[in-house]
Amino acid sequence: MGLIVQKFGGSSVADADRIRNVARIITETYRRGHDMVVVLSAQGDTTDDLLKKAGQINPKASKREMDMLLSTGEQMSCSLCAMAIEAMGYPVISLTGWQAGFHTTSTYGNARIKSIRTERVLTELDKRKIVIVTGFQGLDKSDDITTLGRGGSDTSAVALAAVLHADLCQIYTDVDGVFTADPRCVTGARKLDEITYDEMLELATLGAQVLHNRSVEMAKRYNVNLEVLSSFSGSPGTKVKEVTKNMEKPYVSGVAKDKNIARLALVGLHDQPGIAFRIFSSLAKYKINVDIILQSIGRGDTKDISFTVCRTDLEKAQEVLEDLKPALQFDHIDATEDIAKVSIVGAGMIDNPGVASLMFEALYTAGINIRMISTSEIKVSVLLDESDADHAVQAIHDRFFSEFGDLS
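Residues numbered from 1 in each chain as written. Predicted model: local features only at pLDDT ≥ 70, side-chain atom pairs only at ≥ 80, totals over all residues. Heavy atoms only, no water.

### Some remarks on the overall build of the protein chain
(1) Moving on: A tally of helices and strands in the protein chain yields eleven helices and 20 strands.
(2) Moving on: Radius of gyration (C-alpha) of the protein chain: 23 Å, near the 22 Å computed for a compact globule of 408 residues.
(3) Moving on: A principal-axis box enclosing the C-alpha atoms of the protein chain has dimensions of 75 × 50 × 35 Å.
(4) Moving on: Buried residues in the protein chain amount to 52% of all 408 residues.
(5) Moving on: A total of about 18800 Å² of accessible surface is found on the protein chain, and carbon and sulfur atoms cover 48% of it.
(6) Moving on: Of note, the protein chain has its 45 positive side-chain charges centred 4 Å away from the centre of its 55 negative side-chain charges. (Helix = DSSP H or I, 4+ residues; strand = E, 2+ residues; numbered from the N terminus. Rg over C-alpha atoms; globule rule 2.2 N^0.38 Å. Buried < 20%, exposed > 50% of the residue type's maximum accessible area, 1.4 Å probe, protein only. Areas by Shrake-Rupley, 256 points an atom, 1.4 Å probe, with all protein chains shown as cover. Lys, Arg positive; Asp, Glu negative; His and termini not counted. Charge placed at Lys NZ, Arg CZ, Asp CG, Glu CD.)

### Some remarks on the side chain of Asp-67
(1) Moving on: Within the secondary structure layout, Asp-67 lies in helix α3 (residues 63-87).
(2) Moving on: Buried and unpaired, Asp-67 has no salt bridge, with Arg-64 as the nearest side chain of opposite charge at 8.7 Å.
(3) Moving on: Reaching out from Asp-67, the side chain makes a polar contact with the backbone nitrogen of Gly-109 at a distance of 2.9 Å.
(4) Moving on: With near-sequence residues (within four places) excluded, Asp-67 lies in contact with Tyr-108, Gly-109, Ile-145, Thr-146 and Thr-147. (Salt bridge = Lys/Arg side-chain N within 4 Å of Asp/Glu carboxyl O. Polar contact = N/O pair within 3.5 Å; in protein donor to acceptor, adjacent residues only side chain to side chain. Contact = heavy atoms within 4.5 Å.)

### Considering the sheet that holds strand β13 (residues 254-258)
(1) Moving on: One open sheet holds the four strands; their spatial order is β13-β18-β20-β19, and the pairing between them is antiparallel. Edge strands, defined here as strands with exactly one partner in the open sheet, are β13 and β19 (372-375). The sheet shows a mean angle of 20° between the axes of neighbouring strands, direction not considered.
(2) Moving on: Pairing geometry for β13 and strand β18 (residues 339-345), over five bridges, is antiparallel. Opposite Val-255, over in β18, you have Ile-344 as the bridge partner.
(3) Moving on: Docked against the sheet, helix α10 (residues 355-365) engages β18, β19 and β20 (379-385), running at close to 20° with respect to β20. (Pairing = 2+ DSSP bridges. Axes fitted to C-alpha atoms, helices over the stretch in contact; angles between N-to-C directions.)

### A short note on the pattern of salt bridges
Side chains that carry opposite charge are capable of pairing whenever their charged atoms lie near each other.
(1) Moving on: Scanning all chains against the criterion turns up 22 salt bridges.
(2) Moving on: Across the pair Lys-7 and Asp-154 runs a salt bridge, and its minimum N-O distance is 2.9 Å. Taken together, the residues Lys-7 in strand β1 (residues 3-8) and Asp-154 in helix α5 (residues 152-163) connect sequence positions 147 residues apart. No difference in accessibility class separates Lys-7 from Asp-154, as the two residues are buried.
(3) Moving on: With a shortest N-O distance of 3.3 Å, Arg-20 and Asp-17 are connected by a salt bridge. Here Asp-17 and Arg-20 lie together in helix α1 (residues 16-31), a separation of three residues that amounts to about one turn. The two residues Arg-20 and Asp-17 agree in class, both being exposed.
(4) Moving on: Salt bridges sharing partners connect three or more residues here, namely Arg-64, Glu-65 and Asp-144.

### What about the pairing of strand β2 (residues 35-40)?
(1) Moving on: Of all six residues that make up β2, five are buried, and the element is covered over most of its length.
(2) Moving on: Here β1 runs beside β2; their pairing, made up of six bridges, is parallel. Across the sheet, the residue bridging to Phe-8 is Leu-40, located in β2.
(3) Moving on: The parallel pair β1 and β2, bridged by α1, forms a crossover whose chirality is right-handed. (Right-handed = clockwise from strand over helix to strand, strands pointing away.)

### Let's talk about the environment of Pro-183
(1) Moving on: Relative to the assigned elements, Pro-183 resides in the loop between β9 (168-173) and β10 (194-196).
(2) Moving on: Here Pro-183 falls in the partly exposed class, since its relative accessible area comes to 35%.
(3) Moving on: Setting aside anything within four residues of it in sequence, one finds Pro-183 in contact with Val-175 and Ala-189.

### Structural notes on helix α9 (residues 314-328)
(1) Moving on: A maximum bend of about 25° is found in α9 at Glu-322, where proline Pro-326 lies one to four positions downstream.
(2) Moving on: Looking at α9, one finds that the buried residues are Leu-314, Ala-317, Val-320, Leu-321, Leu-324 and Leu-328.
(3) Moving on: Phi turns positive one or two residues past the end of α9, at Gln-329, with a value near 55°. (Bend = angle between axes of the 7 residues up to and from the residue.)

### Digging into the nonpolar core
Nonpolar side chains in soluble globular proteins tend to end up buried together.
(1) Moving on: With 41 residues, the main nonpolar core has Val-37, Cys-169, Met-200 and Leu-211 as its most contacted residues.
(2) Moving on: Looking at this core element by element, the count peaks at six residues for α5.
(3) Moving on: What Val-37 contacts, discounting residues up to four positions off in sequence, is Leu-3, Ile-4, Val-5, Gln-6, Val-121, Leu-125, Val-131, Val-133, Leu-160 and Leu-164.
(4) Moving on: Among the nonpolar cores identified, the runner-up in size contains 26 residues, and Val-175, Val-252, Val-355 and Ile-368 belong to it. (Core = buried A, V, L, I, M, F, W, Y, C linked by side-chain atoms within 4.5 Å.)

The values reported here are purely geometric and, on their own, carry no functional implication.
Below, the structure is given as structure tokens:
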């Protein structure tokens, strides 16, 4: 039989009963003859609890020490799961990220995987052991512990599946798969049997929390067979793949929202070449990602540029822009956090004119005002008041999925 990589999120291993349930899923797959590599996240709210503990000691702790602390959460869940599997009588070993060969960059808190040395994992698999690996972490060139950022366990699992040439990578979570919208918030959300890498990447980037966007990007690059499914229900999940059988049937595959954004506007910029380059290259130096950008037509010799950043980057972005003020000579910065981004995604949109107008119609009917718009071949995103976000997602979802009917 083949090699399967399974990843379980924090909710799946939140307590003793759930760890035993995860152990049962793992051993059932193992009994079917598969080689097993398992990646675990920290239990439940462990990472948040560790952040609180750090805040009580030193609110300005270095990122290196924060990575040292946060890496302990995954070690605890992996060792406990290994104990549960041992109690069931199966051969098992738990490994830290560095024991499993993860080597990363030195960007503490958001490191990137540079390479994975698979010798230790392959040695344990040759002994027919179930190998459990801590997600989210590795070692840099100085042998310091690093973490991959929130959602990094997804990336750890897909990276292992890629280098081990696994037959399948299963991402277990607390929902049954990928839905047309968050089923915990949107009435009538439907599970998709399959979705393309590109659609899933857009949904993950735009706020859908089922998969981390870096893991989807890696799965696409290395053609990893990916499946998202629930650790609780036992139902079939959603396949994420290059091409889906019914990719041309629905115009829209999903609706997503992101409330972790802020808008910045530079008002009264001089209308001259090179302004945009100086703004966004300066932000890039501080690794501040910019999303939606809108430039006004201009009035006289000035123009305005508006753009969005993650809410956590707002303060730093303002500092960078204020430092540029003497050189750029803009009038002032207008910043707001009370916004959200709502998006539709679908591979079929490119060949179906009028999809955006249906989205705008749904928002108009719901009495929701649009602040900014951004489009690509497979997505349309709008900025609107944060207080309208949930209502907007429901209105848009109702408009599309009542219009086009069953997706099966």
